[in-house]
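Read off the chains here:
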Amino acid sequence: MADDGRRMTIGFPRMRKEPGERRDFLPSLIARLVLHHAEILIEHGVGSGMGLSDNDYTAIGPSVRITSHGEAFEQDIVVVLRCPDPEELDLLPSGTALVSMLHFPTRPERIARLRRAGVEAIALDCITDDAGHRLVEDSRAVGWNALEAAFDALERTYPLFADPERPPIRVTVMGAGAIGRHAVEAATKYGRTDRAARLFAGGVPGVEVVALGRNLTNDQRYVEERLRLTDVLVDATQRSDPSRPIVPNGWLALLPEHAVICDCVVDPYQLDAEPPTVRGIEGIPQGNLDRYVFPPDDPSWDEAVPGGVPHEHRRMTVSCYSWPGVHPRACMEVYGGQLAPLLETLVERGGMSGIRPDGDYHERALARGSLRYWQAPESLVR
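To keep things clear, this report deals only with the structure shown in the data block. All values reported here derive from a predicted model rather than from experimental measurement.

Right, let's get into the overall build of the protein chain. For the protein chain, the helix and strand inventory stands at 13 helices and 12 strands. A compact globule built from 382 residues would reach a C-alpha radius of gyration of about 21 Å, and the protein chain, at 22 Å, matches this within 12%. Counting all 382 residues of the protein chain, 54% fall into the buried class. Counting only contacts in the protein chain whose residues sit at least 6 apart along the sequence, the fraction spanning at least 24 positions is 66%. Taken as a whole, the protein chain presents about 16,400 Å² of accessible surface, with 50% of it coming from carbon and sulfur. Looking at charge distribution, the protein chain has the averaged site of its 42 positive side-chain charges lying 3 Å from that of its 56 negative ones.

And the structure:
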């Protein structure tokens, strides 16, 4: 229940992003929330990118109704996968709990805006368990979808790709966290199991994968030597200092001409921030679901890379801000299952005002992901 004793309301707006962004939360998540006596307001057209209709949502029950874009943002809890645009954030009333991918560590201006507006923001990407593991993530889809695109590109750039006489393809994965581990697995299968089976049946040698942790990505001489051997370079790092690239642009000249850069991280260029944020691999563009393949001679490099950032040396690059969205329905099935118990807890506690940082498992996780407790002392958020 809300603080005033009425039923909690939850708004699900559509994302106003690039046309290729087709993801929305599925009826299965809505059905779980209805069981907790929440009123659900779904913006008209939610799910249409995945072939769903308004009726697929309203058929759940009378507590689900279709609404406008603006009204979806005026509820006690607002749930939208990617962060709303600035003008949409202005639609949120003070006290609303916004549940979204908000990326607090790299978005200081967003944090300031949400705090000024009195929004109870909860960053899906910051919700963690007691051991620090993210509870809402699809790192497998990031790794597999990105490597699928990378090998699609390599099949075009490397004339010997399907030649039984070629040496093994060499993949260098920078970063050994969750995304890096999935990228390693995907790379050994050429990004797709059917492609791996086809090449194996043709007697084509496989893939050699080397994963680099911080102790090697900081070793310039080693990295330079490794780049000379690399057919696919994967950035799956979590940098402690996002103001410094791991691979300066000049080092890209060491890669073979046919090499492909695979960007799993997609940190934005934020040169005006303090400290500034740059890409882990310097001088590559940031893609999205409309466009995530960038040939080295593409004129969009000059538009996508801010002035002052070196980008003279280029290789075929695949980069997508939302790799899981390449296969939208599978992605939202994962996110919905992960998010359901967290939203159920938020509803049962009447919003963020009822969430205790020393409460039960899901309360503690929500507190860690909330702007209210973000950067609080560890003794507070255990």
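With respect to the element layout, Asp 76 can be found in the loop between α3 (69-72) and β4 (77-82). With a relative accessible area of 17%, Asp 76 lands in the buried category. Within polar-contact distance, the side chain of Asp 76 engages the backbone nitrogen of Thr 9 at 2.9 Å.

Once that is clear, we can look at helix α10 (residues 220-229). Looking at α10, one finds that the buried residues are Val 223, Arg 226 and Leu 227. Buried residues along α10 cover an arc of 105 degrees about the axis, so they all sit on one side. Buried residues in α10 make contact with β7 (169-174), β8 (207-212), α9 (214-217) and β9 (232-235).

Let's shift gears to the sheet that holds strand β10 (residues 260-263). Judged by pairing direction, the sheet is mixed, and its 6 strands sit side by side in the order β8-β7-β9-β10-β12-β11 without closing on themselves. Both outer strands of the open sheet, β8 and β11 (293-294), are each paired with one neighbouring strand and no more. Two elements, β9 and β10, share 4 bridges in a ladder whose sense is parallel. The residue bridging Val 232 from the neighbouring strand is Val 260, located in β10.

Our next topic: the sheet that holds strand β6 (residues 120-123). Strand pairing in a sheet takes place through backbone hydrogen bonds and is either antiparallel or parallel in direction. Taken together, 6 strands build an open sheet; the order of strands is β3-β2-β1-β4-β5-β6 and the sheet is parallel. Of all the strands in the sheet, the pair left with one neighbour each is β3 (64-67) and β6. Strand-to-strand twist of the sheet, defined as the mean angle between neighbouring strand axes without regard to direction, takes the value 20 degrees. The strands touched by helix α12 (residues 328-348) are β1 (9-12), β4, β5 (97-101) and β6; relative to β4, the strand with the most contacts, the crossing angle is about 160 degrees.

Here we take up the nonpolar core. Residues Phe 12, Ile 40 and Leu 346 are the most contacted members of the largest nonpolar core, which totals 61 residues. For this core, the leading source of residues is α12, giving 9 residues. Those residues in contact with Phe 12 that lie beyond four places of it in its chain are Phe 25, Leu 29, Ile 30, Leu 33, Ile 40, Leu 41, Ile 42, Glu 43, Val 46, Ala 72 and Val 79. Of all hydrophobic cores here, the second largest spans 35 residues; its members include Leu 154, Tyr 158, Ala 187 and Cys 264.

Here we take up the pairing of strand β12 (residues 316-319). The alternating pattern of β12 places Met 316 and Val 318 on one face and Thr 317 and Ser 319 on the opposite face, and all of these are buried. Of the pairings in the sheet, the one linking β11 to β12 comprises 2 bridges and is antiparallel in character. Across the sheet, residue Phe 294 finds its bridge partner in β12, namely Thr 317.

Moving on: the pattern of salt bridges. Applying the stated rule across the entire model yields 27 salt bridges. For Glu 344, the salt bridge identified is with Arg 32, shortest N-O distance 2.9 Å. Of the two residues, Glu 344 sits in helix α12 while Arg 32 sits in helix α1 (residues 27-34), which places them 312 residues apart along the sequence. We classify Glu 344 as buried; its relative accessible area is 13%. Ionic pairing is found between Glu 155 and Arg 195, a salt bridge with its closest N-O pair at 3.2 Å. Highlighted residues: Glu 155 in helix α6 (residues 139-157) and Arg 195 in helix α8 (residues 193-201), separated in sequence by 40 residues. Overall, Arg 195 belongs to the buried group, its relative accessible area being 1%.

Time to look at α12. Here α12 contains 21 residues, and its C-alpha end-to-end distance of 29 Å stays within 8% of the 30 Å for a straight helix at 1.5 Å per residue. Leu 339 marks the point of greatest bend in α12, at about 35 degrees, and the proline Pro 341 comes within the next four residues. At the C-terminal side of α12, Gly 350 shows a positive phi close to 75 degrees.

A word on the packing of aromatic side chains. Taken as a whole and judged by the stated rule, the model has 5 aromatic pairs. Here the aromatic rings of Phe 151 and Tyr 190 are separated by 5.5 Å at their centres, their planes lie at 70 degrees, and the arrangement is edge-to-face. Here Tyr 190 lies in the loop between α7 (178-188) and α8 and Phe 151 lies in helix α6, a separation of 39 residues in the sequence. A relative accessible area of 3% places Tyr 190 in the buried class. One aromatic cluster is present, built from ring pairs that chain together Phe 151, Phe 161 and Tyr 190. Over the ring of Tyr 269 we find Arg 279; its NZ or CZ atom is 5.6 Å from the centre of that ring.

We now examine the packing of α6 against α7. Helix-helix packing: each pair is described by the crossing angle between the helix axes and the interaxial distance. Their axes nearest at 8 Å, the elements α6 and α7 cross at an angle of 40 degrees. When the interaxial angle is binned, α6 and α7 end up oblique. Along this stretch, α6 crosses α7, giving a crossing that reads as right-handed. Counted together, Ser 139, Arg 140, Val 142, Gly 143, Trp 144, Leu 147 and Phe 151 of α6 and Ala 178, Ile 179, His 182, Ala 183, Glu 185, Ala 186 and Ala 187 of α7 form the full contact between these two elements. A per-class count over the contact of α6 with α7 returns 9 nonpolar, 3 polar and 2 charged.

Parameters at a glance
Residues numbered from 1 in each chain as written. Predicted model: local features only at pLDDT ≥ 70, side-chain atom pairs only at ≥ 80, totals over all residues. Heavy atoms only, no water. Helix = DSSP H or I, 4+ residues; strand = E, 2+ residues; numbered from the N terminus. Rg over C-alpha atoms; globule rule 2.2 N^0.38 Å. Buried < 20%, exposed > 50% of the residue type's maximum accessible area, 1.4 Å probe, protein only. Contact = heavy atoms within 4.5 Å. Areas by Shrake-Rupley, 256 points an atom, 1.4 Å probe, with all protein chains shown as cover. Lys, Arg positive; Asp, Glu negative; His and termini not counted. Charge placed at Lys NZ, Arg CZ, Asp CG, Glu CD. Polar contact = N/O pair within 3.5 Å; in protein donor to acceptor, adjacent residues only side chain to side chain. Arc of directions from axis to C-beta. Pairing = 2+ DSSP bridges. Axes fitted to C-alpha atoms, helices over the stretch in contact; angles between N-to-C directions. Core = buried A, V, L, I, M, F, W, Y, C linked by side-chain atoms within 4.5 Å. Salt bridge = Lys/Arg side-chain N within 4 Å of Asp/Glu carboxyl O. Expected span 1.5 Å × (residues − 1). Bend = angle between axes of the 7 residues up to and from the residue. Phe/Tyr/Trp six-rings, centres within 6.5 Å; stacked < 30°, edge-to-face > 60°. Lys NZ or Arg CZ within 6 Å of the ring centre and 35° of its normal. Parallel < 35°, antiparallel > 145°, perpendicular 65-115°, else oblique. Left-handed = near helix turned anticlockwise from the far one by under 90°. Nonpolar A, V, L, I, M, F, W, Y, C, P; charged D, E, K, R; others polar.

Geometric descriptors of this kind do not, in isolation, establish any biological role.
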